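Read off the chains here:
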Amino acid sequence: MTEGSGARRVVIVGGGFAGLFAVRMLARAPVQVTLVDRAEHHLFQPMLYQCATGILSEGKIAAPLRNLLRKHRNVVFVLAEVTGIDPAERRVLARRPLGQQIEFGYDYLILAAGVRQSYFGHDEYAPIAPGMKTIEDAMKIRRRVFGAFEMAESAGDPAERARWLTFALVGAGPTGVELAGQIREVATKTLRKEYRHIKPQDARVLLFDGGSAPLAMFGPKLSALAARDLGKLGVELHMGSIVTHVDTGGLDVKDHDGNVTRYEAANVLWTAGVEAPPLATVVAKATGAQQDRAGRLLCGKDLSLPGHPDILVAGDMMSLDKLPGVAEVAMQTGLYAGRKIAHQARGQ
């Protein structure tokens, strides 16, 4: 199907769960779809923590988008970063990898660009405490985790050795809980007999969060189960703790009473908070849409932006009814957005 065939033009920004599930619903619709993403692969983010701890290789959780789309004859993929939109002219503005500016016309636009790591105004922590949102992040964390055991093995000073064997994770959401538990399993099982001078099982994993319990957003029952299982693994929970400073030697943490405690740790990993990409702010300014505290776009029940029924928001970039940023929500909203456009394209 070509653009000259009279088909409706659909541009999808983002090749994550929401974008791909929208493509699935549009596969047989009378539309021409352009999927735009700055990465050439789809990342299965729920398994990213296993890549970060060496359980899975990066190839197991990253699939080439062209391969995933090869059977969809009405879909083309473009490797580019979307930088803005012109809702009046129905144009999407993007930049190719070497900087060339390109544009796409659309009849319908689905924004599914996801979110990025948030350091709550302290972006200077990023080089010291990497987050975990991309393959590159996971590989960096993997090098740090396994490198820490090597540094501890060759350290002559007990204090230095203890510092290398201390892993501090900031944020007890799904990513922090999964990563903390996996690091302890690596230490107690995978590496248990690999070293001569250290006992990997002595590694301390500290999990900090400002809330009262891990996975608090999923309700008290699941939160209690998570706390129990983390305790069995040997993860040390520090709830009600706000990180006030991070450096290469460790971090400072303030409790609810205002007391600040210093924790020496050579490995600080940031698993707290997400925020919408800069594109969300650009779209909000262009359309008059509102954003929530994390910068995500507030949309209607039908996923459209107010006053712009041709622009839909899906996945983590969307803010609607306090839905959590999990894969299942991304899939369902992607399916809904694709189905809605397919129905309209068929005149239903």
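Please refer to the structure placed before this passage.
Residues numbered from 1 in each chain as written. Predicted model: local features only at pLDDT ≥ 70, side-chain atom pairs only at ≥ 80, totals over all residues. Heavy atoms only, no water.

Further remarks concern the sheet that holds strand β20 (residues 304–305). Strand pairing in a sheet relies on backbone hydrogen bonds, with the paired strands running either antiparallel or parallel. Spatially, 6 strands are ordered β5-β2-β1-β9-β21-β20 in an open sheet, and the strand pairing comes out mixed. In the strand order of this sheet, the two ends are held by β5 (75–79) and β20, each with one partner. By the bridge criterion, 5 bridges tie strand β2 (residues 31–37) to β5 in an arrangement that is parallel. Bridge pairing in β5 links T34 to V76. Its contacts with the sheet put helix α1 (residues 17–26) on β1 (8–13), β2, β5 and β9 (108–111), and the angle it makes with β1 is roughly 160 degrees. Of the strands in this sheet, β1, β2, β9, β20 and β21 (308–313) touch helix α9 (residues 327–345), which is tilted by about 175 degrees from β9. (Pairing = 2+ DSSP bridges. Helix = DSSP H or I, 4+ residues; strand = E, 2+ residues; numbered from the N terminus. Contact = heavy atoms within 4.5 Å. Axes fitted to C-alpha atoms, helices over the stretch in contact; angles between N-to-C directions.)

Once that is clear, we can look at the environment of R346. When you line up the elements, R346 lands in the segment after α9. At 3.5 Å, the side chain of R346 and the backbone oxygen of R28 are in polar contact. (Polar contact = N/O pair within 3.5 Å; in protein donor to acceptor, adjacent residues only side chain to side chain.)

This part is about the packing of α1 against α9. The N-to-C vectors of α1 and α9 enclose an angle of 35 degrees; their axes lie 7 Å apart at closest approach. Our pair here, α1 against α9, has a crossing hand that is right-handed. Here α1 contributes F17, A18, F21, A22, M25 and L26 to the contact with α9, which in turn contributes A327, A330, M331, G334, L335, G338, R339, I341 and A342. Of the residues contributing to the contact of α1 with α9, the split by class is 12 nonpolar, 2 polar and 1 charged. (Left-handed = near helix turned anticlockwise from the far one by under 90°. Nonpolar A, V, L, I, M, F, W, Y, C, P; charged D, E, K, R; others polar.)

Ranked by internal contacts, the top residues of the largest apolar core, which has 59 residues, are I12, L26, L109, L111 and L297. Of the residues forming this core, the biggest block, 8 residues, is contributed by α9. Those residues in contact with I12 that sit more than four places away from it in its chain are G19, A22, V23, L26, V33, T34, L35, V36 and I110. Residues V177, L179, L230 and L269 belong to the second largest nonpolar core, which totals 36 residues. (Core = buried A, V, L, I, M, F, W, Y, C linked by side-chain atoms within 4.5 Å. Buried < 20%, exposed > 50% of the residue type's maximum accessible area, 1.4 Å probe, protein only.)

All right, on to empty space enclosed by the protein then. A full pass over the atoms with the stated rule returns 1 cavity of 30 Å³ or more. Taken as a whole, the largest cavity encloses approximately 30 Å³ of empty space. As for the largest cavity, its lining consists of R296, G315, D316, M318, L323, P324, G325 and V329. Classifying every residue of the lining of the largest cavity gives 4 nonpolar, 2 polar and 2 charged. (1 Å grid on protein atoms, 1.4 Å probe; cavity = no way out; pocket = protein on both sides within 12 Å on 5 of 7 lines; lining within 4 Å. Points joined across faces, edges and corners; volume = space filled by probe spheres on them.)

On to a nonpolar patch on the surface. Together, M217, F218, L222 and L225 line one region of the surface with nonpolar side chains, adding up to about 360 Å² of accessible area. Topologically, M217 is positioned in the loop between β12 (204–209) and α7 (220–233). M217 sits in the exposed class, given a relative accessible area of 54%. (Patch = residues over 30% accessible without salt bridge, like charges linked within 9 Å, V, L, I, M, F, W, Y side chains within 5 Å. Areas by Shrake-Rupley, 256 points an atom, 1.4 Å probe, with all protein chains shown as cover. Salt bridge = Lys/Arg side-chain N within 4 Å of Asp/Glu carboxyl O.)

This paragraph deals with the layout of surface pockets. One number sums up the size of the second largest pocket: a volume of about 190 Å³. Of all elements in the fold, only α1 and α3 (65–69) reach the threshold of two or more residues within the lining of the second largest pocket. Here the lining of the second largest pocket is built from residues that sort into 6 nonpolar, 3 polar and 1 charged.

Applying the stated rule across the entire model yields 16 salt bridges. The shortest N-O distance in the salt bridge between E81 and R38 comes to 3.4 Å. Residue E81 is located in strand β6 (residues 81–86), and its partner R38 is located in the loop between β2 and β3 (41–43); the two are separated by 43 residues in the primary sequence. Residue E81 is classed as partly exposed on the basis of its relative accessible area of 32%.

Where strand β15 (residues 250–254) meets strand β16 (residues 260–264), 5 bridges bridge the pair, whose relative direction is antiparallel. Looking across to β16, one finds that G250 is bridged to E264. Linking two consecutive strands that pair antiparallel, namely β15 and β16, is a turn of 5 residues; a positive phi of about 90 degrees is found at G258 within it.

Attention now moves to the sheet that holds β15. Taken together, 3 strands build an open sheet; the order of strands is β14-β15-β16 and the sheet is antiparallel. Two strands in the sheet have a free side with no partner beyond their single neighbour: β14 (242–247) and β16. Strand-to-strand, the axes of this sheet are offset by a mean angle of 20 degrees, without reference to chain direction.

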